[in-house]
Amino acid sequence: MPRPAEVTLPSDREVRVTRTFNAPRQLVWAAHTRPDLVRRWQGYEGWDMPVCDMDLRVGGKYRWQWRQLEDGKAFGFFGTFTEVDCPSKLVHDQYFDPGDMDYAMPTGDPCIVSLELSEQNGVTTLVCSLMFASKDARDEALSTGMTDGMEHSYSRLDGVLGAAP
Amino acid sequence: MNAPKHLDLTFAALSDPTRRAILARLATGEASVTELAEPFELSQPAISKHLKVLERAGLISMGVDAQRRPRKLEPGRLEEAMDWIERCRETFEQNYRRLDALLDELQATPRGRKRTKG
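What counts as what
Residues numbered from 1 in each chain as written. Chains lettered and ligands numbered in written order. Predicted model: local features only at pLDDT ≥ 70, side-chain atom pairs only at ≥ 80, totals over all residues. Helix = DSSP H or I, 4+ residues; strand = E, 2+ residues; numbered from the N terminus. Buried ≥ 20, exposed ≤ 12 C-beta atoms within 10 Å, placed from the backbone. Contact = placed C-beta atoms within 7 Å. Core = buried A, V, L, I, M, F, W, Y, C linked by C-beta atoms within 7 Å. Pairing = 2+ DSSP bridges. Axes fitted to C-alpha atoms, helices over the stretch in contact; angles between N-to-C directions. Expected span 1.5 Å × (residues − 1). Arc of directions from axis to C-beta.

Visitor: Requested: an account of the overall build of chain A, with residues and values cited.
Guide: Scanning chain A from terminus to terminus reveals four helices and eight strands. Across chain A, helices and strands are ordered from the amino to the carboxyl terminus as β-β-α-α-β-β-β-β-β-β-α-α. Looking at chain A as a whole, 24% of its 165 residues qualify as buried. Residue pairs at least 24 apart in sequence account for 42% of intrachain contacts in chain A once pairs closer than 6 positions are excluded.

Structure follows, in structure tokens:
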């Protein structure tokens, strides 16, 4: 059973998440960069992911959109890849698209998302770093944009884990 | 959304290792400025500067003893910060558990059966 994600705050604008996976780096990279795979794990209970476009190259654009199944309201993220170094490093900016939601989150400044993967003995370590434009942006992004929309229970996880082969 | 300003001040206060060490010391009981300065090679004014930052953030308060002026830890703001970090962590963790399941599935698939191009 992998250790749970660790979150640290290296500076007042940054959130860093570290997590290990019992899988080769190539697979973890694929799960983050192939739209058909991204859809299967990124998201929230009661939502689907109608848009998952990714042009995986430096300068290529991506767009993600989640839609609540109950009322059809959608929100998402979009941006551009700035570093694509398979399978070890992926960097992109990330703009929030509030869509139909009521979030009072700053949409002007992007955050910079950086994923680094390293592998040892079949275990891959992922370090995901989110650098926000300001302290306020970090607070608001994670408190309103992420947790309000993502406060879904672990019951879906239990279901997924139970159904996994 | 509850009090983002508190979080700003709290995290700014926590971003310094001396201040974190001061909080760790106060977690074991209140202490005067002299007592708090003791483990560090810093002057008392330097420690006082750190204490002001911690007070402004509401992380510590000053006791009533006018002579000793002991500082004590105020747990409320720390709990707020810990809650915030924990929500952050849970968010990622939910997704990563799904990713665990997906990775298990991808590794369980025999080679050649589910090959996709590209």
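Visitor: Before we move on, can you summarise the overall build of chain B with the specific residues and values?
Guide: Of the regular secondary structure elements, chain B holds five helices and two strands. Listing the helices and strands of chain B from first to last along the sequence gives α-α-α-α-β-β-α. Considering only residue pairs separated by 6 or more positions, chain B has 57% of its internal contacts joining residues 24 or more positions apart.

Visitor: Which residues make up the nonpolar core, and what values do they have?
Guide: By size, the foremost hydrophobic cluster in this structure holds 42 residues, and its most contacted members are A:V28, B:L54 and B:L103. Element by element, the count of residues in this core is highest for helix α5 (residues 75–108) of chain B, at nine residues. When near neighbours in sequence (up to four residues on either side) are disregarded, B:L103 contacts A:F21, A:A23, A:L27, A:V28 and A:A31.

Visitor: I'd like a rundown of the sheet that holds strand β3 (residues 47–54) of chain A, residues and numbers included.
Guide: Pairing between the strands of a sheet is mediated by backbone hydrogen bonds and can be parallel or antiparallel. Residue and element names in this part refer to chain A. What the eight strands build is an open sheet, ordered β1-β2-β8-β7-β6-β5-β4-β3; its pairing is antiparallel. Among the strands making up the open sheet, the edge pair consists of β1 (6–8) and β3. Across the sheet, the axes of successive neighbouring strands diverge by a mean angle of 20°, strand direction being ignored. Taken together, the seven bridges between strand β5 (residues 74–85) and strand β6 (residues 89–97) define a ladder with antiparallel strand orientation. The residue bridging V84 from the neighbouring strand is L90, located in β6. Packing against the sheet, helix α1 (residues 25–33) makes contact with β2 (14–21), β3, β6, β7 (111–120) and β8 (123–131), and its axis sits at approximately 155° to β7.

Visitor: So, the environment of A:V28: which residues are in play, and what are the values?
Guide: On the secondary structure map, A:V28 appears in helix α1. On the basis of neighbour count, A:V28 is assigned to the buried category, with 24 C-beta atoms found within 10 Å.

Visitor: A description of the pairing of β6(A) should follow, citing residues and the corresponding values.
Guide: Residues and elements named next belong to chain A. Where β5 folds back on β6, the antiparallel hairpin that results is connected by three residues. Note that β6 and β7 share six bridges and pair antiparallel. Bridging across to β7, L90 finds its partner in L115.

Visitor: Requested: an account of helix α4 (residues 44–56) of chain B, with residues and values cited.
Guide: Residue and element names in this part refer to chain B. Across its 13 residues, α4 extends 18 Å between first and last C-alpha, which sits within 8% of the 18 Å expected from 1.5 Å per residue. Those residues of α4 that sit buried are H50, L51 and L54. One side of α4 holds all its buried residues, which, seen down the axis, span an arc of 100°. Residues of α4 that are exposed and point over 90 degrees away from its buried face: P45, K52 and R56. After α4 finishes, the residue G58 shows a positive phi value of roughly 75°.

Visitor: Go over the pairing of β8(A), please, and point to the residues and values.
Guide: All names here are of chain A. Alignment of β2 against β8, held across eight bridges, turns out to be antiparallel. Paired with E14 across the strands is M131, a residue of β8. Judged from the nine bridges that link them, β7 and β8 form a sheet pairing that is antiparallel. In the sheet register, E116 faces β8, and the bridge partner there is V127.

Keep in mind that these numbers describe shape and distance, not what the molecule does.
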